[in-house]
Amino acid sequence: MHTAQPRIFVAGHRGLVGSAIVRALHAQGLTNIVTRSRAELELTDQAQVRAFFQSEHIDQIYLAAARVGGIHANNTYPAEFIYDNTMVQANVVHEAWRNGVHKLLFLGSSCIYPRLAEQPIREEYLMNGILEPTNEPYAMAKIAGIKLCESYNRQYGTDYRCVMPTNLYGPGDNYHPQNSHVIPALIRRFHEAKIVGAGEVVIWGSGKAMREFLYVDDMAAASVYVMQLDPASYHANTDPMHSHLNVGTGSDTTIGELASLIGKTVGYDGQIVFDPSKPDGTPRKLLDVSKLTSLGWSARMPLDVGLQHAYRSFLDTNKLY
Ligand SMILES: NC(=O)C1=CN([C@@H]2O[C@H](COP(=O)(O)OP(=O)(O)OC[C@H]3O[C@@H](n4cnc5c(N)ncnc54)[C@H](OP(=O)(O)O)[C@@H]3O)[C@@H](O)[C@H]2O)C=CC1
Ligand SMILES: C[C@H]1O[C@H](OP(=O)(O)OP(=O)(O)OC[C@H]2O[C@@H](n3cnc4c(=O)[nH]c(N)nc43)[C@H](O)[C@@H]2O)[C@@H](O)[C@@H](O)C1=O
């Protein structure tokens, strides 16, 4: 029964974050959830998005649909990353407003911040320096997404909220050998090396870059928490021109340390070597999560335990055991 439950559209429900958000909503007993695969609803197509919102009464939207990928994918397909993400967010935000959807949660990314921002990075550091070249187009789209939400809130009185996730991982990740993020890429590479008995595993870059990693079910919990905050609490802790909230663990690690931890998790005992011909990207992007902490939410999953869950999920999904 869906009596008195808000009708919730989870855009991108088959992805890493979208699928975790559906799990988190179900765990709360919220079952009045609307989903559409990309084949059913192409979000870059304004006419399809308009028809969807005109035919479906929606109360809340989690916008977890986007063109997403790691450093190589961002660096290789910049036009797709800026076009797809700009179109998806513009269509969903505009048609949500046109059809009276009052609440929306937009997922941005930690890569919106300047390449050499002071660490840890506070929300107000947005746009006070040049961006990381390897993912600038994607970052520009995400910054526009924040400004879309803020502008509709200021002009039309909507309650569109923005969260900026750090690097994410966990069940439902993308394991593409080239286009994925570092954790799924290395889980797959270490696993395959273990199976064939390879003597070494190559890690991209110097291994000195630092990253913060948040388990996706923590990200989903944070997304639901922020969406369900009463407006006074959310808007009291953000200002109309910096209305986004960082979401992370507050701690980071070098890629070299991460590689060793993934090798140990997978049970690989060969050599780890680094390929400095591959880009490191941003040297470091540790988020300051004090605003969200003060609002009552903190991450729970430790990286070592989260990696064990992620590896198990990889084995289950790929039926590799
Ligand atoms: N993963 C990470 O480390 C991080 C992710 N984020 C953000 O979190 C959000 C979710 O990312 P994540 O779950 O990792 O991404 P995924 O690639 O795992 O999932 C994205 C989902 O969006 C759908 N989608 C993409 N483009 C379209 C489109 N044009 N029309 C309809 N559906 C579309 C995909 O459908 P299909 O599978 O059919 O293509 C997929 O289900 C994104 O906004 C991303 O920018 C932010 C920081 C870090
Ligand atoms: C998540 C967030 O941030 C993303 O940028 P990123 O953090 O640089 O993404 P990444 O996970 O691909 O790389 C992290 C680090 O890891 C190193 N690295 C080593 N070996 C592999 C490897 O085999 N694959 C990958 N992908 N990286 C590797 C890699 O060289 C880099 O130093 C954006 O694309 C964007 O998606 C965004 O929103």
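Residues numbered from 1 in each chain as written. Chains lettered and ligands numbered in written order. Predicted model: local features only at pLDDT ≥ 70, side-chain atom pairs only at ≥ 80, totals over all residues. Heavy atoms only, no water.

By the naming in an unreviewed UniProt entry, the protein goes by GDP-L-fucose synthase and is assigned to Massilia eurypsychrophila. Quoted straight from UniProt, the Catalytic activity (unreviewed entry) entry for the protein says "GDP-beta-L-fucose + NADP(+) = GDP-4-dehydro-alpha-D-rhamnose + NADPH + H(+)". (UniProt positions renumbered as here; feature names shortened; annotations may be inferred.)

Colleague: Can you help me understand the environment of Asn74 in this one?
Modeller: In this structure, Asn74 sits in helix H3 (residues 71-76). Distance in space between the C-alpha atoms of Asn74 and Ser180 is 9.9 Å, their sequence separation being 106 residues. A distance of 2.9 Å separates a polar side-chain atom of Asn74 from the backbone oxygen of Gly69. (Helix = DSSP H or I, 4+ residues; strand = E, 2+ residues; numbered from the N terminus. Polar contact = N/O pair within 3.5 Å; in protein donor to acceptor, adjacent residues only side chain to side chain.)

Colleague: Got a minute to help me understand the sheet that holds strand E1 (residues 8-11) in this structure?
Modeller: Backbone hydrogen bonds are what pair the strands of a sheet, in a parallel or an antiparallel way. With parallel pairing, the six strands of this open sheet are ordered in space as E2-E1-E3-E4-E5-E10. Looking at strand neighbours, the two that pair on one side only are strand E2 (33-34) and strand E10 (244-247), the edges of this open sheet. Each of E1, E2, strand E3 (60-63) and strand E4 (103-107) touches helix H1 (residues 16-27); the most contacted strand, E1, lies at about 155° to it. Packing of helix H5 (residues 136-156) onto the sheet brings it into contact with E4, strand E5 (159-165) and E10, and relative to E5 it is tilted by some 155°. (Pairing = 2+ DSSP bridges. Contact = heavy atoms within 4.5 Å. Axes fitted to C-alpha atoms, helices over the stretch in contact; angles between N-to-C directions.)

Colleague: Would you explain the site of ligand 1 in this entry?
Modeller: Taken together, the neighbourhood of ligand 1 is formed by 25 residues, with Leu16, Val17, Glu42, Tyr138 and Lys142 sitting nearest. Residue Lys142 places a side-chain N or O atom 2.8 Å away from an oxygen atom belonging to ligand 1. Between ligand 1 and the protein, one listed contact pairs an oxygen atom with a backbone N or O atom of Leu168 at 2.9 Å. About the coverage of ligand 1: the protein hides 86% of its 900 Å² of free accessible area. Of all the secondary-structure elements, those providing two or more residues to the shell around ligand 1 are H1, H5 and strand E6 (167-169). Grouping the constituent residues of the shell around ligand 1 by class yields 13 nonpolar, eight polar and four charged. (Near = heavy atom within 4 Å. Areas by Shrake-Rupley, 256 points an atom, 1.4 Å probe, with all protein chains shown as cover. Nonpolar A, V, L, I, M, F, W, Y, C, P; charged D, E, K, R; others polar.)

Colleague: I'm lost on the pairing of E1 in this one. Help?
Modeller: On a regular strand, each side chain points to the face opposite its neighbour's, so the side chains alternate between the two faces of the sheet. Along E1, one buried face is formed by Ile8 and Val10 and the opposite face, lined by Phe9 and Ala11, is buried too. The pairing of E1 with E2 spans two bridges and is classified as parallel. Bridging from a neighbouring strand, Phe9 pairs with Val34 of E2. At this point the chain moves from E1, through H1, to the parallel E2, and the crossover so formed is right-handed. (Buried < 20%, exposed > 50% of the residue type's maximum accessible area, 1.4 Å probe, protein only. Right-handed = clockwise from strand over helix to strand, strands pointing away.)

Colleague: What exactly am I supposed to notice about the pattern of salt bridges here?
Modeller: Charged atoms that come close allow side chains of opposite charge to pair. Following the criterion strictly, the structure yields 17 salt bridges and no others. One salt bridge in this structure joins Arg38 and Asp84, with 4.0 Å as the shortest N-O distance. Placement of Arg38 in the loop between E2 and helix H2 (46-55) and of Asp84 in helix H4 (residues 78-98) is noted, with a sequence separation of 46 residues between them. A relative accessible area of 53% means that Arg38 is categorised as exposed. Judged by its relative accessible area of 13%, Asp84 is buried. (Salt bridge = Lys/Arg side-chain N within 4 Å of Asp/Glu carboxyl O.)

Colleague: Honestly, the site of ligand 2 in this entry has me stumped. Any pointers?
Modeller: Taken together, 23 residues sit near ligand 2, with Gly69, Ser109, His181, Asp280 and Lys285 positioned nearest. One of the backbone nitrogen or oxygen atoms of Trp204 is found 3.0 Å away from a nitrogen atom of ligand 2. For ligand 2, whose unbound accessible area comes to 680 Å², protein coverage reaches 98%. Every element with two or more residues in the shell around ligand 2 is listed here: H3, helix H6 (182-196) and strand E7 (200-204). The greatest single-element share of the shell around ligand 2, amounting to four residues, is contributed by H6. By residue class, the composition of the shell around ligand 2 is 11 nonpolar, eight polar and four charged.

Colleague: Please clarify how the UniProt feature "active site" (unreviewed entry) in the protein should be interpreted in this entry.
Modeller: Residues given the UniProt feature "active site" (unreviewed entry) here are Tyr138. Tracing the chain through its elements places Tyr138 in helix H5. Residue class for Tyr138 comes out buried when judged on its relative accessible area of 9%. Not counting residues up to four positions away in its chain, the partners in contact with Tyr138 are Arg67, Asn74, Phe81, Asn85, Ser109 and Cys111.

Colleague: Honestly, the UniProt feature "site: Important for catalytic activity" (unreviewed entry) in the protein in this entry has me stumped. Any pointers?
Modeller: According to UniProt, the feature "site: Important for catalytic activity" (unreviewed entry) maps to Ser109 and Cys111 in the numbering used here. Within the secondary structure, Ser109 sits in the loop between E4 and H5. Judged by its relative accessible area of 9%, Ser109 falls in the buried class. Sequence-distant contacts of Ser109, that is, excluding residues within four places in its chain, are made with Tyr138, Lys142, Met164 and Pro165. Of the polar contacts made by the side chain of Ser109, one reaches the backbone nitrogen of Cys111; its length is 3.1 Å.

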